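Read off the chains here:
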Amino acid sequence: MDIYELVDVHDCPVCGGTGTLEEESGSSYYVMCTECGAHSVNIDFKSEEERLTAARRTALLWNTGKVIKSDPGE
């Protein structure tokens, strides 16, 4: 089954835009808002067994509002 179907990502806690789970370089996951650019931290994984856990952890952080957002001038 596709990992993106197993992980629930809520809308952006900053602007209400769409939150998207992204994989980076085959070694970590993060969530990013397609509207305002807010994002979560990257959660690394080292094996296939850790992949789903990393995706779920980063989604949990995003879904609870733990995001990084830089406004112009910061």
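Our structure's up above, just so we're on the same page.
Residues numbered from 1 in each chain as written. Predicted model: local features only at pLDDT ≥ 70, side-chain atom pairs only at ≥ 80, totals over all residues. Heavy atoms only, no water.

S.K.: Which residues make up the pattern of salt bridges, and what are the values?
M.R.: Per the counting criterion, the structure on display carries two salt bridges. R51 is the partner of E23 in a salt bridge, and the nearest nitrogen-oxygen pair spans 2.7 Å. Of this pair, E23 sits in strand 1 (residues 19-24) while R51 sits in helix 2 (residues 48-63), and the two are 28 residues apart along the sequence. We classify E23 as partly exposed; its relative accessible area is 32%. The partner of E48 in a salt bridge is R51, with the nearest N and O atoms 2.9 Å apart. With a gap of three residues between them, E48 and R51 both fall in helix 2, about one helical turn apart. Under the relative-accessibility criterion, E48 is labelled exposed at 55%. (Salt bridge = Lys/Arg side-chain N within 4 Å of Asp/Glu carboxyl O. Helix = DSSP H or I, 4+ residues; strand = E, 2+ residues; numbered from the N terminus. Buried < 20%, exposed > 50% of the residue type's maximum accessible area, 1.4 Å probe, protein only.)

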